[in-house]
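# Structure assessment
The primary structure of each chain is shown beneath.
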Amino acid sequence: SILSSQYRDNVSPLADPETVYELYYAAKLTPWCTITPDIQFISNPGGDKGTRDAVVAALRIKITF
């Protein structure tokens, strides 16, 4: 996301674009069960360059009845 100069002027002078990179893979274990590991890297979370970058990991399981 790109934050406006108006936001920088009125809310946060440290505002900077937030960027998210995501990597995932869907593995079909059985005809009715799929597992999806997911990892995200977030640069400048919340658009604040004063904060540290973040890494988020997740695991999704889809079961079809």
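Read on for an overview of the structure. (Residues numbered from 1 in each chain as written. Predicted model: local features only at pLDDT ≥ 70, side-chain atom pairs only at ≥ 80, totals over all residues. Heavy atoms only, no water.)

## Some details on the overall build of the chain
Helix and strand content of the chain: one helix and four strands. What you see in the chain, going N to C, is helices and strands ordered as α-β-β-β-β. In terms of C-alpha radius of gyration, the chain reaches 18 Å, well past the compact-globule figure of 11 Å for 65 residues. Residues counted as buried form 15% of the 65 residues belonging to the chain. Sequence separation of at least 24 residues holds for 35% of the intrachain contacts in the chain that already meet a minimum separation of 6. Only carbon and sulfur atoms are counted for the fraction: they give 59% of the accessible area of the chain, which is about 5,200 Å². In the chain, 6 positive and 7 negative side-chain charges are present, and the distance between their average locations comes to 10 Å. (Helix = DSSP H or I, 4+ residues; strand = E, 2+ residues; numbered from the N terminus. Rg over C-alpha atoms; globule rule 2.2 N^0.38 Å. Buried < 20%, exposed > 50% of the residue type's maximum accessible area, 1.4 Å probe, protein only. Contact = heavy atoms within 4.5 Å. Areas by Shrake-Rupley, 256 points an atom, 1.4 Å probe, with all protein chains shown as cover. Lys, Arg positive; Asp, Glu negative; His and termini not counted. Charge placed at Lys NZ, Arg CZ, Asp CG, Glu CD.)

## Notes on the environment of Lys28
Position of Lys28 among the secondary structure elements: in strand β2 (residues 27–30). In this structure the C-alpha to C-alpha distance between Lys28 and Ser1, which are 27 residues apart in sequence, comes to 33 Å. Once residues within four sequence positions are removed from consideration, Lys28 is found in contact with Cys33 and Thr34.

## Section: the side chain of Ser43
Within the secondary structure, Ser43 sits in strand β3 (residues 33–43). For Ser43, the contacting residues outside a window of four places in its chain are Pro17, Glu18, Thr19 and Asp53.

## Overview of the pairing of β2
Where β2 meets β3, three bridges bridge the pair, whose relative direction is antiparallel. From the neighbouring strand, Ala27 faces β3, where its bridge partner is Ile35. Here β2 folds back onto β3 in antiparallel fashion, the turn holding two residues. (Pairing = 2+ DSSP bridges.)

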